[in-house]
2 protein chains.
Amino acid sequence: MTLNPLFPTKETLGLNTDLYELTMAAAYFESGLTDQLATFELYTRELPKTRSFLIAAGLEQALHYALNARFSDEGIEYLKNLQVFESVDRGFFDYLKDFRFTGDIWALPEGTVFFENEPILQVCAPVIEAQIIETYLINTLNVQSMVASKATRMCLAAKGRKVVDFGSRRAHGPQAGVLAARAAFIGGCDGTSNVLAGHELGIPVFGTMAHSFVQFFDHETDAFQQFQKVFPDNTILLVDTYDSIRGIEKALNLNMDFRGIRLDSGDVGELAVTGRKLLDQAGRQDALIFVSGNLDEQKLLYFSLRDLPIDGYGVGTDLVVSADAPGCDLVYKLVETTDDGKRVPKFKASEEKVSYPYRKQIFRKVKNEVMEEDLVVGWDEVPDSSDQTPLLRQFLASGRLVSELPDIWQIKETMQQQLSRLPTPLKHLHSTEVYPVRFSEQLQESLKKLTAEYT
Amino acid sequence: MTLNPLFPTKETLGLNTDLYELTMAAAYFESGLTDQLATFELYTRELPKTRSFLIAAGLEQALHYALNARFSDEGIEYLKNLQVFESVDRGFFDYLKDFRFTGDIWALPEGTVFFENEPILQVCAPVIEAQIIETYLINTLNVQSMVASKATRMCLAAKGRKVVDFGSRRAHGPQAGVLAARAAFIGGCDGTSNVLAGHELGIPVFGTMAHSFVQFFDHETDAFQQFQKVFPDNTILLVDTYDSIRGIEKALNLNMDFRGIRLDSGDVGELAVTGRKLLDQAGRQDALIFVSGNLDEQKLLYFSLRDLPIDGYGVGTDLVVSADAPGCDLVYKLVETTDDGKRVPKFKASEEKVSYPYRKQIFRKVKNEVMEEDLVVGWDEVPDSSDQTPLLRQFLASGRLVSELPDIWQIKETMQQQLSRLPTPLKHLHSTEVYPVRFSEQLQESLKKLTAEYT
């Protein structure tokens, strides 16, 4: 029998969407309005309560999707046989057979800081195409942006100490482990335990031993010695399998040149202090202390504020599932259509879910290298000052890539530059500051006018 | 330039692991102990605070991994070039080249209810093999078990109303959407919006229209009519784009035979009551009411307790990210090795992270079709009553599949049978009941003895 690993593949990209994208596509198709241009914007209605900013990430995977989403014959056969499509014109399936995304995509470059209600990605395309790609775009930008900004929080809390993603085992699936490693690196982490992420992205990979390795040998010291023999320059001894302090003492008694120790249970802060003393007394001032085990940014900050002798952290579950905010209310909204060359504003008015009409651009006002305000304007508006640069950049034109994408190290640099400009109060873990995002008067007027028309 | 979608593939399965699995593997390899048999058990140290039971899921993907994990030449080349491996015997890379998992795997069948400290999967294999596959096994069982039991909670709260997974866009990556759809279906959901999950697993797919479709047309009613024209038997009208009540009234005025309505914002409970009245008054007693929009099991229970006229739910983010417990402390621990045919107990003693030694089996005592107690015993122990059946079953023997795997409908049946036997108090959302899981005296004695030896 065949076991299904449920891997996403290039061949099934078209199907990796919500059914309603395809039922709507069928309805657009039959309406004859297939080619009418529409602009959709992807943004979060509100920041998670625990976050005062987010870091854009996941664009490369989103663009890959837009460039490669297709429907295979076999996939179309599956759709044809679904009862829901039984009354749909067969011409629709011919349309799917030839489906290509032919529109434009503008977006914030990965690593850009963003806030609520700011479009982070913009699709201008025939409505049917823009609709079909919705689910995947939200998906990949959502998870990576959440994990990237979680990583940023952790790195801010660690105040310069190394932070490594150890979370693959708790990520939401094998692919999620790799996506989280990518996002964590963008957000500031120094590397990952995920070998595949290292292989695919060229980012540093870290890891030495688990408790099982120590347990496997009859004596803890046998495990330590065996590891040191094989990895003379890279031995981080996991000392807490039975008793952390005794583990450190045993390691020191071996007189080996191990590189450091890792503490993974108990009061790791206290143990780090005692461990440092023991190491120093033995003349091992050079030995590093790494800490792991259910860490979150609150604990990292606690350790930092006490200036505990910790050289680096392995962070797992809390990072990769973005535990304080595992989901973000990222939405993809129709804001404008083009009818006979005329721009028609689109908005949504239902309670608590208002959306601004018209295609937009964001201008960020930076003064003395500090961000002061974001101004969201209609696409045709010109900002009131020439020293403002637009944040949304074009990546796809007529379905083709028109911007060279940065590699992950460049994205990390973008993030660091952005972070350096973020007002300090927003960087506090428990910040209650709200960064000013202002919608232009023209946009506000349009929303007011449209709402009045509908009520 | 090439954009990387970061898909997991069969070719890179070996690398989809934590680096420390491979550094330990190298150290085992060089110790000459490669073939020594070890038993690892996968279990959760504690149930998430919000859960009183979990549903096992993800085994099919875990077994696929054990059967297919390989290291390609290109993957090995990558590893060879990592600095960390520079002093490792080149024979290790030949070992990886020929790597196959040759051990046994026992596990709870998918759909089985389980509790803390109970092994849900057991690997008996040469230690190096058992170690290498750790990360992926934890990963796939962790996410699917969490989402499956989350779905069960939601379905219990919905008290018979339809529950459909709408969460793909907020799942942690494209693959996570499919995994979540699978797990949600196992846990009791009626289907998913994820077309690829429908295609891969043959489960029902659902979906009709989004707000964008309604916004796209000049008038809400144009959208309703166009959709009805294309899907005469399957039109669920999304009525809340501008004003839910007016949306329903407009739909009724069209005198079309739509199948139902969906409410996605505002006080959906209140709106359902009013909506039902309007529909009934218009003679549309047959029209269904579906509700969606940031739902969790608490809201579903609230609606159920008030017996609101809701026919079904679309649940999204909260389900697929298992928001109350996005991570579970699933661990994979060495419990036993075999040395010269002799069984050697292995345990871990560090603070708050005790693990029981020896390979185990679980017996579940069921009386009058109600679960009474689980007894965890050593592998060689015989339970005190013959009416108890062992829960862990063999799936792999010497690296080969020896059990036919059930399809997803059969797994769902297993879950339903299990749920019917679960004591009622444990099914309450806010249950404080703890199901009795007892470790045999023999196991307790072994742990006591080993701990004493080490302290």
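Residues numbered from 1 in each chain as written. Chains lettered and ligands numbered in written order. Predicted model: local features only at pLDDT ≥ 70, side-chain atom pairs only at ≥ 80, totals over all residues.

Colleague: What exactly am I supposed to notice about the overall build of chain A here?
Modeller: Looking only at helices and strands, chain A has 17 helices and 19 strands in total. Seen along its three principal axes, the alpha-carbon backbone of chain A occupies a region of about 80 × 65 × 40 Å. Taking all 455 residues of chain A together, the buried fraction comes to 57%. Across chain A, the fraction of contacts at a sequence separation of at least 24, relative to all contacts at a separation of at least 6, is 72%. (Helix = DSSP H or I, 4+ residues; strand = E, 2+ residues; numbered from the N terminus. Buried ≥ 20, exposed ≤ 12 C-beta atoms within 10 Å, placed from the backbone. Contact = placed C-beta atoms within 7 Å.)

Colleague: For this particular structure, what's the right way to read the sheet that holds strand E12 (residues 330-339) of chain A?
Modeller: Sheet strands pair via backbone hydrogen bonds, and the direction of the pair is either parallel or antiparallel. All names here are of chain A. Pairing is antiparallel across the open sheet formed by 7 strands, whose spatial order is E13-E12-E1-E5-E3-E17-E18. The open sheet is flanked by strand E13 (342-345) and strand E18 (400-401), the only strands paired with a single partner. Relative to strand E5 (residues 121-126), strand E3 (residues 104-107) is paired through 4 bridges, and the arrangement is antiparallel. Residue Ala107 lies in a different strand from E5, and its bridge partner there is Leu121. With respect to the sheet, helix H6 (residues 134-158) is in contact with strand E1 (37-44), E5 and E12, its orientation differing from that of E12 by roughly 140 degrees. (Pairing = 2+ DSSP bridges. Axes fitted to C-alpha atoms, helices over the stretch in contact; angles between N-to-C directions.)

Colleague: What is the right way to read the nonpolar core from this model?
Modeller: In summary, soluble globular proteins display a tendency toward joint burial of nonpolar side chains. Of all hydrophobic cores here, the largest spans 300 residues; its most connected members are A:Leu137, A:Val147, B:Leu137 and B:Val147. Every residue in contact with A:Val147, bar those within four places of it in the chain, is listed here: A:Ala180, A:Ala183, A:Ala184, A:Gly187, A:Leu319, A:Val320 and A:Ser322. (Core = buried A, V, L, I, M, F, W, Y, C linked by C-beta atoms within 7 Å.)

Colleague: How should the environment of B:Ala26 be read in this particular structure?
Modeller: By the secondary structure assignment, B:Ala26 is in helix H1 (residues 19-31). On the basis of neighbour counts, which here come to 24 C-beta atoms within 10 Å, the residue B:Ala26 falls in the buried class. In sequence terms B:Ala26 and B:Glu134 are 108 residues apart; their C-alpha atoms lie 15 Å from each other. Setting aside residues up to four positions removed in sequence, B:Ala26 forms contacts with A:Val230, B:Phe85, B:Val88 and B:Phe92.

Colleague: Help me out: how do you make sense of the interface of chain A and chain B in this one?
Modeller: How big an interface is tends to be expressed through the accessible area that disappears when the partners come together. Tallying the contact residues gives 105 residues for chain A and 105 residues for chain B. When residues in the side of chain A that touches chain B are grouped by element, the largest group, 9 residues, is from helix H1 (residues 19-31) of chain A. In terms of residue class, the side of chain A that touches chain B is made up of 50 nonpolar, 39 polar and 16 charged. (Nonpolar A, V, L, I, M, F, W, Y, C, P; charged D, E, K, R; others polar.)

Colleague: It is not clear to me how the relation of the copies chain A and chain B should be interpreted in this structure. Could you clarify?
Modeller: One chain copy maps onto the other through a rotation about an axis and a shift parallel to that axis. Expressed as a screw transformation, the operator carrying chain A onto chain B has a rotation angle of 180 degrees and an axial translation of 0.0 Å, and the superposed copies differ by an RMSD of 0.0 Å. One copy is carried onto the other by what is essentially a two-fold rotation axis. With an isologous cut-off of 70% or more, the 100% of interface residues of chain A that recur at the interface of chain B puts this contact in the isologous class. (Least-squares fit on C-alpha atoms with pLDDT ≥ 70 in both.)

Colleague: Just to check I follow, could you spell out the domain arrangement of chain A for this structure?
Modeller: Residue and element names in this part refer to chain A. By domain assignment, chain A separates into domain 1 (10-132 + 328-454) and domain 2 (157-320). With 9 residues of domain 1 at the interface, the matching set in domain 2 holds 12 residues. If you tally residues by element for the side of domain 1 that touches domain 2, the top one is helix H15 (residues 408-421), at 4 residues. (Domains from an automatic or database assignment.)

Colleague: Where do I start with the confidence of the model for chain A in this structure?
Modeller: Atomic detail in the predicted coordinates should be set aside for any region of low pLDDT. Summarising the model, chain A shows a mean pLDDT of 95, and 98% of its residues fall at 70 or more. For this predicted complex, the interface score ipTM comes out at 0.97, while the overall pTM is 0.98. (pLDDT = per-residue confidence, 0-100.)

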